[in-house]
Amino acid sequence: MAHGLDLDFNEDEAAMRAAVERFCNQHPVADVARQADLPFPRALWRALAELGVFAPAAPGHEEAGGAVAVCAIAEILGHHVFPGPLAATYLAIQVLDRQERDDLINGRSLVSLSSADSTLLPWGTAADLFLVVDGAHIARGHAPACIEPVPTLGGDTWGRALLKIDAGLPQSSRALALAAIATAAYMTGAAWRLLRDTSEHAGTRRQFGKTLGEFQAVSHPLADCAIAITAAQTLARAAACSFDGADASRAETLAAGARWSAQRAGLATAFACHQVLGGIGITLEGPAFHITRRIRQLASTPPSGKREQALLLADTGLGA
């Protein structure tokens, strides 16, 4: 990807996207995305890792693509609603030591990233490593032997436990920015998939002698969603370019904006598409629910919230 106004992916990034697309089509990703409260799909996670999708996040491995490659990969994984702690893994690879980093890159380890003010542990019942976000800091956490399983809206099984927290880890701000970029890219990919499937439904479903898409009350909200998703996707790609460049502080602010923009676009798209799809939008077998529940779950998954808000307010001169 060129570092300028051209935000298209280059040949290597496009090839990685194509490889991830083939992987998702050749493996039971769609079936797994529709399931709920099942054990974490370790074998599928390891198979994905073998493609090298986590390597771009490793410090000192710029040849693997950096944040722009992460953005390219996350968009496709979001399109297929791939399960698992993707953003948390990219974050953990930035802050952990080499051996733990290699285990994450190869899919041998799974990380749970939680908030310091919560006992909820995303994917906590399956995780091998635990990290905690406290404002702008990331620390290692130690879980007790027994973690209570907790079902979630997104269909994943999380955990509940009180972690013992160590001192903070280095590179926290940079890791949080990369996680925000990955989350934003994933959410825009999922939102595009939802909007595409809903638009196809609106183009074929007929009422009063017309397709649904011919009614402005249907087509205009969907067009608004397309504009919002495009804006969020552009912000995520711009943040990735800045992250790979020399302006680290600017990358943090852009990443925060991308995360908030993608969250807003994703939730608005989920609402609008459910309105268009009607009853079939809330059935497990339908075209939308497995996507919208993941968008809603991701919108409340750490790291997000006060830190991003503070960065954006400070950037506009409205900070404390």
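All values reported here derive from a predicted model rather than from experimental measurement. (Residues numbered from 1 in each chain as written. Predicted model: local features only at pLDDT ≥ 70, side-chain atom pairs only at ≥ 80, totals over all residues. Heavy atoms only, no water.)

(A) Geometry of the packing of aromatic side chains. Taken as a whole and assessed by the stated rule, the structure comprises six aromatic pairs. Relative to F54, the ring of W45 lies with its centre 5.2 Å away and its plane at 35 degrees, an arrangement referred to as tilted. You'll find W45 and F54 in the same group, each marked buried. An angle of 40 degrees between the planes, with centres 6.5 Å apart, marks the rings of W45 and F82 as tilted. (Phe/Tyr/Trp six-rings, centres within 6.5 Å; stacked < 30°, edge-to-face > 60°. Buried < 20%, exposed > 50% of the residue type's maximum accessible area, 1.4 Å probe, protein only.)

(B) Representation of the sheet that holds strand β3 (residues 129–134) within the structure. Spatially, four strands are ordered β1-β3-β4-β7 in an open sheet, and the strand pairing comes out mixed. Across the chains shown, the open sheet's two edge strands, defined by having one partner strand only, are β1 (111–115) and β7 (164–168). Neighbour-to-neighbour, the strand axes of this sheet turn through a mean angle of 35 degrees, independent of strand direction. Note: β3 against strand β4 (residues 137–142), five bridges, orientation antiparallel. Within β4, the residue paired with L131 across the bridge is R140. Sitting on the sheet, helix α5 (residues 86–95) touches β1, β3 and β4, and the angle it makes with β1 is about 95 degrees. (Pairing = 2+ DSSP bridges. Helix = DSSP H or I, 4+ residues; strand = E, 2+ residues; numbered from the N terminus. Axes fitted to C-alpha atoms, helices over the stretch in contact; angles between N-to-C directions. Contact = heavy atoms within 4.5 Å.)

(C) Geometry of the environment of L178. The residue L178 is located in helix α7 (residues 172–204) in this model. Separated by 61 residues in sequence, L178 and A239 have C-alpha atoms that sit 8.9 Å apart. With near-sequence residues (within four places) excluded, L178 lies in contact with A57, A67, V70, Y90, Q94 and F243.

(D) Spatial organisation of the side chain of T211. Note on placement: T211 falls in strand β9 (residues 210–211). With residues near it in sequence (within four places) discarded, T211 still touches A202, G203, R205 and R206.

(E) Geometry of the environment of A57. Position of A57 relative to the elements: it lies in the loop between α3 (42–49) and α4 (66–79). Excluding its chain neighbours within four sequence positions, the residues that come into contact with A57 are V70, Y90, I93, Q94 and L178.

(F) Region of the structure containing the pairing of strand β6 (residues 157–160). Note that strand β2 (residues 120–121) and β6 share two bridges and pair antiparallel. By the bridge assignment for β6, L121 is matched with G159. Pairing between strand β5 (residues 148–151) and β6: four bridges, direction antiparallel. Its bridge partner lying in β6, E148 is registered against R160. Remark: five residues form the turn of the hairpin made by β5 and β6, two consecutive strands paired antiparallel; G155 in that turn has positive phi of roughly 95 degrees.

(G) Examining the sheet that holds β2 more closely. Spatially, three strands are ordered β2-β6-β5 in an open sheet, and the strand pairing comes out antiparallel. In this open sheet, the two edge strands, each paired with only one partner strand, are β2 and β5.

(H) Focus on the packing of α7 against helix α10 (residues 289–299). In contact at an axis separation of 10 Å, α7 and α10 are set at 155 degrees when each is read in the N-to-C sense. Relative to α10, α7 is oriented roughly antiparallel. The hand of the α7/α10 crossing is left-handed. Only I291, T292, R294, I295, L298 and A299 of α10 make contact with α7, whose side of the interface consists of T183, Y186, M187, A190, A191, R193, L194 and D197. Classifying every residue of the contact of α7 with α10 gives nine nonpolar, two polar and three charged. (Parallel < 35°, antiparallel > 145°, perpendicular 65-115°, else oblique. Left-handed = near helix turned anticlockwise from the far one by under 90°. Nonpolar A, V, L, I, M, F, W, Y, C, P; charged D, E, K, R; others polar.)

(I) Focus on α5. Along α5, ten of the ten residues are buried, which leaves the element largely enclosed by surrounding structure. Listed in full, the buried residues belonging to α5 are L86, A87, A88, T89, Y90, L91, A92, I93, Q94 and V95.

(J) Representation of the nonpolar core. By size, the foremost hydrophobic cluster in this structure holds 94 residues, and its most contacted members are F54, L77, F82, Y90 and L131. With 17 residues, the single largest contributor to this core is α7. Setting aside chain neighbours within four positions, we find F54 in contact with W45, A49, L86, T89, Y90, I93, L104 and I105. L121, A127, A161 and L163 belong to the second largest nonpolar core, which has seven residues in total. (Core = buried A, V, L, I, M, F, W, Y, C linked by side-chain atoms within 4.5 Å.)

(K) Molecular detail of the environment of A87. Looking at the element boundaries, A87 is found in helix α5. Expressed as a C-alpha distance, the spacing of A87 and V218, which sit 131 residues apart in the sequence, is 33 Å. Residues within four places of A87 in sequence aside, it is in contact with A179, A182 and T183.

(L) Representation of the confidence of the model for the protein. Scored by pLDDT, the protein has a mean of 91; 96% of the residues are at 70 or more. Considering each helix and strand of the protein separately, the mean pLDDT is smallest for helix α11 (residues 306–315), with a value of 82, and largest for α3, with 98. (pLDDT = per-residue confidence, 0-100.)

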